[in-house]
Amino acid sequence: MARRYDSSTTTFSPEGRLHQVEYAIEAINNAGTCIGILAKDGIVMASEKRVTSGLLAPSKSSEKTYKISQHVACNVAGLTADANILIDQARLRAGRYEYQYCEPIPVEQLVELVCNYKQAYTQYGGLRPFGVAFLFAGYDEHYGFQLYQSDPSGNYSGWKATVIGSNNQAGKSLLKNEYGSSSSSEEEEEEKEGEMKVEGAATEEISMPDVKGALRLAVKVLNKTMDASASSSEKMELYVMSLENGQVVHKILNKEEAQKVIDEVEAEATPAGET
Amino acid sequence: MDSVFGVEYDGGVIIASDQNNARSILTYQTNLDKVAELSSHSAMGVSGPNADLVNFSQYISKNLALYELSNNGLKLSPHAQANFTRGELATALRKGPYQVNIMLGGYDTIKNQASLYWLDHLAAMAKVNYGAQGYASSFCLSIMDRDWKEGLNQEQAVAIVEKCIKELQVRFLIAQPNFIIKAIDKDGVNTLSFGADPADN
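These figures come from a predicted structure and were not determined experimentally.

**Details of the packing of aromatic side chains**
Within this structure, the stated rule accounts for 15 aromatic pairs over all chains. Grouped by ring-pair contacts, the aromatic residues Tyr97 and Tyr101 of chain A together with Tyr67 and Phe84 of chain B constitute a single cluster.

**What about the interface of chain B and chain A?**
Residue-level contacts link 13 residues of chain B with 10 residues of chain A. Between chain B and chain A, the buried area comes to about 1100 Å², and carbon and sulfur atoms account for 51% of it. Broken down residue by residue, the surface that chain B buries against chain A is led by Tyr67, Leu74 and Ile110 of chain B, which jointly contribute 38%. For the pair chain B and chain A, the number of links is 1 salt bridge. Here Glu141 of chain A ties to Lys111 of chain B by a salt bridge, and the two come within 3.1 Å at their closest N and O atoms. At the boundary of chain B and chain A, one finds 7 residue pairs in polar contact (both at pLDDT 80 or more). Tallying contributions element by element places helix H2 (residues 78–93) of chain B first for the side of chain B that touches chain A, with 5 residues.

**A closer look at the packing of helix H3 (residues 136–147) of chain B against helix H4 (residues 154–171) of chain B**
Residues and elements named next belong to chain B. In contact at an axis separation of 9 Å, H3 and H4 are set at 145° when each is read in the N-to-C sense. Taken as a pair, H3 and H4 cross one another with a handedness that is right-handed. Residue-level inspection shows Ala136, Phe139, Cys140, Ile143, Met144 and Asp147 of H3 in contact with H4, the latter providing Ile160, Lys163, Cys164, Glu167, Leu168 and Arg171. Among the residues forming the contact of H3 with H4, the class breakdown is 8 nonpolar, no polar and 4 charged.

**Describing the sheet that holds strand E2 (residues 12–18) of chain B**
Residues and elements named next belong to chain B. The strand order across the open sheet built from 5 strands is E10-E1-E2-E11-E12, with neighbouring strands paired in antiparallel fashion. The strands lining the two open edges of the sheet, one partner per strand, are strand E10 (130–133) and strand E12 (188–194). Put simply, the sheet's adjacent strands are angled 15° from each other on average, direction ignored. Judged from the 7 bridges that link them, E2 and strand E11 (residues 179–185) form a sheet pairing that is antiparallel.

**So, the state of the cysteines**
Using the criterion set out here, one finds 0 disulfides over all chains in the structure. With no disulfide partner, Cys140 of chain B has as its closest neighbouring cysteine sulfur the one in Cys164 of chain B, 4.2 Å distant.

**Side note on the packing of helix H4 (residues 168–178) of chain A against helix H5 (residues 211–225) of chain A**
Residue and element names in this part refer to chain A. Contact geometry for H4 and H5: axes closest at 9 Å, N-to-C directions at 145°. Regarding H4 and H5, the two cross each other, and that crossing is right-handed. Each of Gly171, Leu174, Leu175 and Glu178 in H4 lies in contact with H5, whose residues at this interface are Leu217, Lys220, Val221, Lys224 and Thr225. Along the lines of polarity and charge, the residues of the contact of H4 with H5 split into 4 nonpolar, 2 polar and 3 charged.

**Focus: the sheet that holds strand E7 (residues 156–158) of chain A**
Residue and element names in this part refer to chain A. One open sheet holds the 5 strands; their spatial order is E3-E4-E5-E6-E7, and the pairing between them is antiparallel. For this open sheet the edge positions go to strand E3 (65–69) and E7, each flanked by a neighbour on one side alone. Averaged over all pairs of adjacent strands, the angle between strand axes in this sheet comes to 25°, irrespective of strand direction. Inspection of the sheet shows E3 paired to strand E4 (residues 72–78) by 4 bridges, in the antiparallel sense. Among the inter-strand pairings, Tyr66 is bridged to a residue of E4, identified as Cys74. Packed on one face of the sheet, helix H2 (residues 80–101) meets E3, E4 and strand E5 (132–140) and runs near 20° to E3.

**Details of the environment of Tyr179 of chain A**
Residues and elements named next belong to chain A. Along the chain, Tyr179 falls in the loop between H4 and H5. Classification of Tyr179 as buried rests on a relative accessible area of 5%. In this structure the C-alpha to C-alpha distance between Tyr179 and Ala218, which are 39 residues apart in sequence, comes to 9.9 Å.

**Considerations on helix H1 (residues 19–28) of chain A**
Those residues of H1 of chain A lying buried are His19, Gln20, Val21, Ala24 and Ile28 of chain A. Packed against the buried residues of H1 of chain A are E4 and E5 of chain A.

**What to know about the pairing of strand E8 (residues 161–164) of chain A**
Residue and element names in this part refer to chain A. Here E8 shows two buried faces, one formed by Ala161 and Val163 and the other by Thr162 and Ile164. Where strand E1 (residues 34–39) meets E8, 4 bridges bridge the pair, whose relative direction is antiparallel. In the strand pairing of E8, Cys34 is matched with Ile164.

**Considering the pairing of strand E1 (residues 4–9) of chain B**
All names here are of chain B. In terms of burial, E1 is largely enclosed, as 6 of its 6 residues are buried. A two-sided burial pattern is seen for E1, the buried positions comprising Val4, Gly6 and Glu8 on one face and Phe5, Val7 and Tyr9 on the other. As defined by bridge partners, E1 adjoins E10 across 4 bridges and the pair is classed as antiparallel. Across the sheet, residue Val4 finds its bridge partner in E10, namely Gln133. Across 6 bridges, the pairing between E1 and E2 is antiparallel. Directly across from Phe5, in E2, lies its bridge partner Ala16. From the end of E1 to the start of E2, which pair antiparallel, there are 2 residues, and Gly11 there has a positive phi angle of about 100°.

The rules we used
- Residues numbered from 1 in each chain as written.
- Chains lettered and ligands numbered in written order.
- Predicted model: local features only at pLDDT ≥ 70, side-chain atom pairs only at ≥ 80, totals over all residues.
- Heavy atoms only, no water.
- Phe/Tyr/Trp six-rings, centres within 6.5 Å; stacked < 30°, edge-to-face > 60°.
- Contact = heavy atoms within 4.5 Å.
- Buried area = accessible area lost by both parts, 1.4 Å probe.
- Salt bridge = Lys/Arg side-chain N within 4 Å of Asp/Glu carboxyl O.
- Polar contact = N/O pair within 3.5 Å; in protein donor to acceptor, adjacent residues only side chain to side chain.
- Helix = DSSP H or I, 4+ residues; strand = E, 2+ residues; numbered from the N terminus.
- Axes fitted to C-alpha atoms, helices over the stretch in contact; angles between N-to-C directions.
- Left-handed = near helix turned anticlockwise from the far one by under 90°.
- Nonpolar A, V, L, I, M, F, W, Y, C, P; charged D, E, K, R; others polar.
- Pairing = 2+ DSSP bridges.
- Disulfide = S-S within 2.5 Å.
- Buried < 20%, exposed > 50% of the residue type's maximum accessible area, 1.4 Å probe, protein only.

So, in structure tokens, the structure goes:
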């Protein structure tokens, strides 16, 4: 419907929608899943690695996880070529802030700058929007660890846990039930839909998992969203952001460490039976 | 020629400056406040021609206010403010330099720590425990060198500042009868004393 109004970003449809932006968001639903989970002592981002061909040379760098600055990293879902432009922009803006203030950029400000850049492509120039959704993970002294999601429209929000990419609805509903409750079959607390800004971790101390728990939860969700029945460390990339001696540490788990988490999740699942 | 100096103590920092506004052989006023309040927890003592003094300190303080408005009330730490200020001096340097020399003091409410910075018109910057700009440095640094130590309280810091003021009033050629002294601590910027009320017109 409204075919006349959907080929240009700079035109609203009669229903008040920007179809090009919505189509861009659709493009991401076919991309490899990315899960982000905020923990008490860090942030976990797990992503599905889609290997399109066995002939592909093993990548020296990740195609999903990117370091933006010492204290911010992001996960990408969507068109990698589009993502590269935005990542360059994010790194530039983070660097510029640090040049001006000799301090790391507050995470939300960085996210907003990238999002404002994306928004311009939904309003001027007649160019198509970026077909990328991001999960930004960062740490600053104002709000501690924070997780943000942004999409082609230029909107962003802070999350305790979220999913982007293919099967994100299934992932999100699993997170809604599991995040913040203990892993055994106790009374599960209803978590509010995480559209709220992430404030200091103090208020959520009770229900927020630690990094280890978050890793297991992420793998659990990834198992559900990935079509393949067998989960292996080759198919997923597990990234952890944490604090060591006051410095932010970025880590992508290697094969053995990733396999260990996968095995732990499998062990949890089998005795309890299928939920 | 303006006298501006600052002394850091445990839990805060003092910024003091003379209150003269003069040019050539004429004194325009003797109640000028040269310690510009930048934000809730920072201030800078500025020396230089009145035009640059006012223009630059307002430029910096308005930019800092804009930052807070644009970022949900988030504040820039004194370290960030000092580096921002230095950056502006550096950018202007090869165009139309601001002829201002500054002592910038602030209290970081997140880290709970005071800091003091010495900045000059060539955009040099140093983090210091105490310092002075202008001719005052020739008279006062030696006093501060001798009397400053780690862990001073506000009273002791003020005592050092008052010693410096007396020295200037005895030995400095230019008569500077009035000085304004401000303290910055966890409760913000507070005027401790002034020789003449800046509000008097």
